[in-house]
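Spelled out from the first residue to the last, the chains are:
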Amino acid sequence: MAEAADFQGMGHSPARRWLRRTASVLAGAPLLAGLLAGTAAPAAQAAPTATGSRAVHVSIDTLAPSAPVKGDTLTVSGTVTNEGKNAISDAQVDLRVGPRMYGRTAIDDAAERTGTSGDVAPIGGKYKVTIPKLDVGISQDFALSVPVSKLGLGQDGVYQLGVSLTGKTSSAPYDQVLGIQRTFLPWQPDATEEKTQLSVLWPLISSTRLSAETGSDDQQTPVFENDDLAAELAPGGRLEQMISLGSQLPVTWVIDPDLLATADAMTKNYQVRSGDTTVPGKNQAVATKWLDSLEKAVKGGKVVALPFADPDLASLAHRGKDVSGALSHLQPATDVAGKTVETILHVKPSVDFAWPVDGAIDPSIVDVATSAGAHEIITRSDSLQDNLPYTPTAARPIGGGTTAVVADTRLSTAFQGDMSTAGASTLAVQRFLAQSLAVTLQNPENERSIVVAPQRMPSAAQAQSMARALRGLDSERWTEPSDLIAAAAATPDADATTKVPGSSRYPKKLRDQELSTEVFLDIKETQERLDNFKAILSAPDRVAAPFGNAIGRAMSTSWRGEPEEAEQYRNTVDDYLVGLTTEVQLIPKSVLTLSGRSATIPVTVQNQLLQGVQNLVLRLKSDNPTRLKLDGDRAVAERPIKIDGGHSQSVKFTGAGNANGPVQVTAQLYTVDGTPYGSPMTFQVKVSEITPTVMLVIAGGVLLLVLAGVKMYSQRKRAVARKAAAEDTDSGDDSADGTDADGTARDTRSTDGARAPEDTDPGQPSDPTPDTGPESADASGAGEKVDR
């Protein structure tokens, strides 16, 4: 980027003129040690200076004020650590103010410098810290306080600031620079006439935590994959810090609605997966407090809602768009985003923005992003590059009514490193402030709108560093806070590029992290299974939301760099869905025997779900309709199925046998649109046909048996009568009063007057009712007979 003319037309400060005169006198001197020693050191002795910067590590932990004005006193503190092999004696910590930086590229170059060659002399005098001895491996704190008037600052701009340690070692007993740390000092004591409008995105995005599984209760208690989100929401956690810091800053909140939905689910009863079971979650209070704090923080501010679960737009554009149905998830994700944010936070967000990973775009990403209704795409200046001597306004029309909002790369990536140490944080803050001032001074007569889009999930330390930098701009001397919505609506720079880069310029590093085509094929299969399952349920909403959201989460940007975790999540969702679908099944049958021309063939459908199923058809097919016909003269018969939760249904078909022999029969469930549901169930029916001749033979045999029975009964009756008559003759001397000679009562019943037995016929059993209630899913026993 051409920035050589950033500060053209501006005069040099006195410090700059003095430095130039000094440089002309010292031109040709090979090493800084000889220049700064105060005495003429031999060239041979100056040689160790080339490696001296590696002997001592200098850390600048604090620099206040970060952007001083006239009358301030600059305080710099930190530590020096002897990382060399020799003890250091007569050490001295000094402050050095370098020349004013010309352009943003000069700031980048200075930040990359590691050696000591070319540095200016220290301020010296009383503005130094002496350390008599610094042993190997020992650290020593320092603090320097210097009035700004002593720094030699002149014209407005960015100055290089260095803290160095000079000293002597046993191997080099002369003063030399043994370590130095450089940073930047923005110098803008008075407000500029035209300030840069600065819009900073404050992202609230996290990894996927919710599974597709829910409880069987009316509230559908959610099941979390883990309880790690609680640590981010708790005091001191990453997301808690984002709210605590962001609530005090002029930022635009960029929120993944899935995070809100997940946190909201935590405020109620929830379960956490633990091995093969689940345990109750215990962080309701943490989630409630976090959501309450967020609601207060965003009140009156600008909120942008990303599509639900923050789908990976680049992966969809490069790998998913050719998979049928993949892009269909985007519009619902956008639709639910606004509703989720408004329901939980009670603010109406903007849903017009799409944010590809790292702001990298190409034509296919733009097409995918806009297909979901986005009109503004957040990109970055390292993707949509300009060849201008200044940084143009962020908004760019790129055709089709779409605006690219180009975030500044240098400002956006300023805090991507490890900010856990005070030294790293201070350097990042000062560089951010320096670059922001350099933007304003590039073209001071032209007010521009600049956007800062940091990393999606800043750590707590990164968020704290970002907040420090933004607080350094509170005085509004060269910037003025704005918001993303205003930045997208700003008047574009006529000279700025509006051409979207080709796909060949998409970064390889980002492309290698994308979700593969196989991933989208897996997602498609899960979606089709879900659609079939919903079609048969009496309450499909109970599975539509948890599974639909889980499928959306499977395409989240948060899976980048974690392919194994992403695959495990997808498999968990699909396995759970498969388990639910198999709760509606056909109970296996053993071999059936059909004796006669016709009989009923029962098939049992079991529903072990907690809700009813409907819109199902059971289809029975005879593989040999010549031998066995169904429902009259058909090869295929159907019955509608509707079963309450936890019940089963015995469905009966009429079978007609035409010839002896086994026939394989196939039972299959279908949805009403003809899609097979579940696996088919096959069983065998043995057909045993009975002809008219056989029937006559059987009838004749039955008649003979009946006649024989009648004859035997008659013979037995006559025998009993003869015996009774003989007994009457032998007892002629019995008394006439009906008693025996000994007075015993006599049985007066006649031999043929036996009492009729009581009616004990239990009646004929009826056919089973269609709803047989819960029953075993085991196969029927061997030798099962069909109902006739």
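Residues numbered from 1 in each chain as written. Predicted model: local features only at pLDDT ≥ 70, side-chain atom pairs only at ≥ 80, totals over all residues. Heavy atoms only, no water.

How should I be thinking about the overall build of the chain in this particular structure?
On a plain count of helices and strands, the chain comes out with 21 helices and 30 strands. Looking at the chain as a whole, 47% of its 788 residues qualify as buried. Total accessible area computed for the chain in this model is approximately 37,300 Å², and 51% of it derives from carbon and sulfur atoms. (Helix = DSSP H or I, 4+ residues; strand = E, 2+ residues; numbered from the N terminus. Buried < 20%, exposed > 50% of the residue type's maximum accessible area, 1.4 Å probe, protein only. Areas by Shrake-Rupley, 256 points an atom, 1.4 Å probe, with all protein chains shown as cover.)

How should the sheet that holds strand β6 (residues 157-169) be read in this particular structure?
Where strands meet in a sheet, backbone hydrogen bonds hold them as pairs that are either parallel or antiparallel. A sheet is described by the order of its strands in space; here four strands give the open sequence β4-β3-β6-β7, paired in antiparallel fashion. The open sheet is flanked by β4 (128-134) and β7 (176-187), the only strands paired with a single partner. Adjacent strand axes in the sheet meet at a mean angle of 20°, parallel and antiparallel pairs treated alike. Judged from the nine bridges that link them, strand β3 (residues 88-100) and β6 form a sheet pairing that is antiparallel. In the strand pairing of β6, Leu95 is matched with Val163. Contacts from helix α5 (residues 104-112) reach β6 and β7, with the element oriented near 155° to β7. Here helix α14 (residues 422-442) sits on the sheet in contact with β6 and β7, set at roughly 45° to β7. (Pairing = 2+ DSSP bridges. Axes fitted to C-alpha atoms, helices over the stretch in contact; angles between N-to-C directions. Contact = heavy atoms within 4.5 Å.)

Is there a simple way to think about a negative patch on the surface in this case?
Taken together, Glu518, Asp522, Glu562, Glu564, Glu565 and Glu567 make up a surface patch of like negative charges. For the negative patch, the secondary structure elements donating two or more residues are α18 (517-536) and α20 (563-581). The dominant element in the negative patch, judged by the number of residues it contributes, is α20, at three residues. Looking at where Glu518 falls in the secondary structure, it is placed in helix α18. (Patch = residues over 30% accessible without salt bridge, like charges linked within 9 Å, V, L, I, M, F, W, Y side chains within 5 Å. Salt bridge = Lys/Arg side-chain N within 4 Å of Asp/Glu carboxyl O. Lys, Arg positive; Asp, Glu negative; His and termini not counted. Charge placed at Lys NZ, Arg CZ, Asp CG, Glu CD.)

Honestly, the packing of helix α8 (residues 257-266) against helix α11 (residues 330-345) in this entry has me stumped. Any pointers?
Axes are the key here: two packed helices are described by the angle between their axes and the distance separating the axes. For the pair α8 and α11, the least separation of the axes is 9 Å and the interaxial angle reads 45°. What the angle tells us is that α8 and α11 run oblique. Crossing handedness for the pair α8 and α11: left-handed. Where α8 abuts α11, its residues Pro257, Leu260, Ala261 and Asp264 lie against Ala337, Thr340, Val341, Ile344 and Leu345. Here the residues of the contact of α8 with α11 are counted per class, giving seven nonpolar, one polar and one charged. (Parallel < 35°, antiparallel > 145°, perpendicular 65-115°, else oblique. Left-handed = near helix turned anticlockwise from the far one by under 90°. Nonpolar A, V, L, I, M, F, W, Y, C, P; charged D, E, K, R; others polar.)

Even after reading the chapter, I still don't get unusual backbone geometry, so can you show me in this structure?
Where the residue is not glycine, phi is negative for most of them; where a peptide bond is considered, it is trans in most cases. With an omega dihedral of -5°, the bond running from Ala64 to Pro65 counts as a cis peptide bond. Considering the arrangement of structural elements, one finds Pro65 in the loop between β1 (56-64) and β2 (73-82). For Asp90, which is not glycine, the phi dihedral falls at a positive 50°. As for its position among the elements, Asp90 is in strand β3. At Asp358, a residue that is not glycine, the phi angle is positive and equals roughly 55°.

Please explain α18 as it appears in this structure.
Over its 20 residues, α18 extends 30 Å from the first C-alpha to the last, a length consistent with the 28 Å expected when each residue adds 1.5 Å. Those residues of α18 lying buried are Val519, Phe520, Ile523, Thr526, Gln527, Leu530, Phe533 and Ile536. (Expected span 1.5 Å × (residues − 1).)

Please explain the pattern of salt bridges as it appears in this structure.
Where charged atoms from two side chains of opposite charge come close, those side chains can pair. The tally for this structure, following the rule as stated, stands at 23 salt bridges. Glu232 is paired through a salt bridge with Arg209; the nearest N and O atoms lie 2.9 Å apart. Of the two residues, Glu232 sits in helix α6 (residues 229-233) while Arg209 sits in the loop between β8 (196-204) and β9 (210-214), which places them 23 residues apart along the sequence. Look at Glu232 and you get buried, because its relative accessible area is 14%. When the shortest N-O distance is used, the salt bridge between Lys508 and Asp512 registers 2.8 Å. Here Lys508 and its partner Asp512 are both found in helix α17 (residues 508-512), four residues apart, which amounts to about one turn of the helix.

Explanation requested: the packing of aromatic side chains in the structure shown.
Working definition: an aromatic ring pair is given by the centre-to-centre distance plus the angle between the planes. Going through the model one piece at a time under the given rule, you end up with four aromatic pairs. Note on Phe224 and Tyr270: the rings are 4.9 Å apart at their centroids and 55° apart in plane angle, and the pair reads as tilted. You can see Phe224 sitting in strand β10 (residues 222-224) and its partner Tyr270 sitting in the loop between α8 and β12 (271-274), a full 46 residues away along the chain. On the basis of relative accessibility, which here comes to 0%, the residue Phe224 falls in the buried class. (Phe/Tyr/Trp six-rings, centres within 6.5 Å; stacked < 30°, edge-to-face > 60°.)

I would appreciate a short explanation of the sheet that holds strand β5 (residues 139-147) in the present structure.
Overall, antiparallel pairing links the three strands, which are arranged β1-β2-β5 in an open sheet. The open sheet has two free edges, formed respectively by β1 and β5, since each of these has just one partner strand. Across the sheet, the mean angle separating the axes of adjacent strands is 20° when strand polarity is ignored. Strand direction decides the pairing type here: β2 and β5, joined by nine bridges, are antiparallel. Bridge pairing in β5 places Val76 opposite Leu144.

Just to check I follow, could you spell out the nonpolar core for this structure?
In summary, soluble globular proteins display a tendency toward joint burial of nonpolar side chains. Grouped together as the largest cluster of nonpolar side chains are 75 residues, with contacts concentrated most on Phe533, Val603, Leu618, Leu620, Leu669, Phe683 and Val685. No other element matches α18, which puts six residues into this core. What Leu620 contacts, discounting residues up to four positions off in sequence, is Ile601, Val603, Leu630, Ala635, Val636, Ala637, Phe653, Val665, Thr666, Ala667 and Phe683. Grouped together as the second largest cluster of nonpolar side chains are 65 residues, Leu210, Ala438, Val439 and Ala467 included. (Core = buried A, V, L, I, M, F, W, Y, C linked by side-chain atoms within 4.5 Å.)

Just checking my understanding: could you explain the packing of α14 against helix α15 (residues 460-471) for this structure?
Axis separation between α14 and α15 bottoms out at 9 Å; the angle between their running directions is 40°. One element, α14, and the other, α15, form an angle in the oblique class. Along this stretch, α14 crosses α15, giving a crossing that reads as right-handed. Along the contact surface, α14 presents Ser425, Thr426, Val429, Phe432 and Leu433, while α15 presents Ser465, Arg468, Ala469 and Leu470. Classifying every residue of the contact of α14 with α15 gives five nonpolar, three polar and one charged.

Function-wise, these values are silent; they only describe arrangement.
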